[in-house]
Amino acid sequence: MEPHILRRSAESGWIEVVCGSMFSGKTEELIRRLKRARIARQRVEIFKPGVDNRFSEEQVVSHDDREILSTPVATAAQILLLASDAEVVGVDEAQFFDEDIVAVCEQLARDGKRVIVAGLDQDFTGAPFEPMPQIMAVAEFVTKLHAICMVCGAPANHSQRLSQADELVVLGAMEAYEPRCRAHFKP
Ligand SMILES: [Zn+2]
């Protein structure tokens, strides 16, 4: 069943994960779900890790500039303190949170909240990007999005790094990555 047509109850929340490679539209999909919740007058809060400040301190911004106000937090535990009044909790760039994000998401869901988590499922080497795999394992719903391979046009499951920078992800450097299929991904 599509998670957005389920009815949230006070007794039971759940976790939705939206994952995939760069340029797969994860943030766009997160924003779409959160805006629908807001239209239904549900109380929505959005959080992102404080390290991701490439465009704005207050907004989750997708690459197509659809934006929605969010709160940058330094640790996953802060989400529990700040989300107490929310019915729907969005988490963007979840791969940059500490491992506590897994327990935090589970606690929010136990408290009856709908939790929607977006993040990269692989790093630039093609390895699982912790803690995303942990969240995917405990989530009720996992949506995997794909970009399109810039070499051949096939569905792209990987983020090919084009630069030689040492950081795990070159934040916001769209030109430093391009989507690639399995055949054209060179870790
Ligand atoms: Zn390809």
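Structure: see above.
Residues numbered from 1 in each chain as written. Predicted model: local features only at pLDDT ≥ 70, side-chain atom pairs only at ≥ 80, totals over all residues. Heavy atoms only, no water.

> Lay out the coordination of the zinc ion with the relevant residues and their values.
Here the zinc ion is held by Cys149 (SG), Cys152 (SG), Cys181 (SG) and His184 (ND1), and the distances to it run 2.1 to 2.3 Å. Around the zinc ion, the 4 donor atoms are arranged such that angles at the metal cover 98 to 115°; this shape is classified as tetrahedral. For the zinc ion, the donor residues sit on a single chain with the sequence spacing C-x2-C-x28-C-x2-H. Note that Cys149 is positioned in the loop between β9 (147–148) and β10 (155–156) and Cys181 in the segment after β12 (177–180), a separation of 32 residues in sequence. On the basis of relative accessible area, Cys181 is assigned to the buried category, the value being 7%. (Donors = N, O, S within 2.8 Å, 3.2 Å for Na, K, Ca; no water. Tetrahedral: all angles 85-135°; square planar, octahedral: opposite > 155°, others 65-115°. Helix = DSSP H or I, 4+ residues; strand = E, 2+ residues; numbered from the N terminus. Buried < 20%, exposed > 50% of the residue type's maximum accessible area, 1.4 Å probe, protein only.)

> An account of helix α3 (residues 100–110) is needed here, citing residue identities and associated values.
Restricting attention to buried positions, one finds in α3 the residues Ile101, Val102, Val104, Cys105, Leu108 and Ala109. Looking straight down α3, one finds that the buried residues subtend no more than 165° of arc, so they occupy a single side. Turned more than 90 degrees away from the buried face of α3 sit Ala103 and Arg110, all of them exposed. The inward-facing, buried residues of α3 abut β1 (14–20), α2 (77–82), β6 (88–91), β7 (114–120) and α4 (132–138). Following α3 by one or two positions, Gly112 adopts a phi angle in the positive range, close to 95°. (Arc of directions from axis to C-beta. Contact = heavy atoms within 4.5 Å.)

> Run through the sheet that holds β1, naming residues and quoting values.
Whenever strands of a sheet pair, they do so through backbone hydrogen bonds, lying parallel or antiparallel. With parallel pairing, 6 strands are arranged side by side in an open sheet as β5-β2-β6-β7-β1-β8. One side of each edge strand has no neighbouring strand; the edge strands of this open sheet are β5 (71–73) and β8 (141–145). Along the sheet, successive strands turn relative to each other by an average axial angle of 20°, direction set aside. Sheet analysis places strand β2 (residues 44–49) next to β5, joined by 3 bridges and oriented parallel. Within β5, the position partnered with Lys48 by the bridge is Pro72. In the packing of helix α1 (residues 26–39) onto the sheet, the strands contacted are β1, β2, β6, β7 and β8, and the crossing angle to β7 comes to about 165°. (Pairing = 2+ DSSP bridges. Axes fitted to C-alpha atoms, helices over the stretch in contact; angles between N-to-C directions.)

> Go over the nonpolar core, please, and point to the residues and values.
Of all hydrophobic cores here, the largest spans 24 residues; its most connected members are Ile15, Ile79, Ile101, Val117 and Ile135. Breaking this core down by element, the ones donating at least two residues are β1, β6, α3, β7 and α4. In terms of residue count, α3 provides more of this core than any other element does, 6 residues in total. Listed in part, the 10 residues of the second largest apolar core include Leu30, Ala37, Ile116 and Leu145. (Core = buried A, V, L, I, M, F, W, Y, C linked by side-chain atoms within 4.5 Å.)

> Give a description of the side chain of Glu16 that names residues and reports values.
Residue placement: Glu16 occurs in strand β1. A polar contact is formed between the side chain of Glu16 and the side chain of Arg33, at a distance of 2.8 Å. Here Arg114 takes part through its side chain, which lies 2.5 Å from a polar atom of the side chain of Glu16. (Polar contact = N/O pair within 3.5 Å; in protein donor to acceptor, adjacent residues only side chain to side chain.)

> Can you lay out α1 for me, pointing to particular residues and giving the numbers?
For an α-helix the count is 3.6 residues per turn, leaving residues at separations of three or four pointing the same way. With 14 residues, α1 ought to run about 20 Å at 1.5 Å a step, and its terminal C-alpha atoms sit 20 Å apart, in line with that. Of all the residues in α1, the buried ones are Lys26, Thr27, Glu29, Leu30, Ile31, Arg33, Leu34 and Ala37. The positive-phi residue at the C-terminal boundary of α1 is Arg41, with phi of around 60°. (Expected span 1.5 Å × (residues − 1).)

> Run through the pattern of salt bridges, naming residues and quoting values.
Tallying each qualifying case throughout the model produces 7 salt bridges. Linking Glu87 and Arg43 is a salt bridge whose minimum nitrogen-to-oxygen distance equals 3.9 Å. With Glu87 in the loop between α2 and β6 and Arg43 in the loop between α1 and β2, the pair connects residues that are 44 residues apart, well separated along the chain. Overall, the relative accessible area of 16% leaves Glu87 in the buried class. (Salt bridge = Lys/Arg side-chain N within 4 Å of Asp/Glu carboxyl O.)

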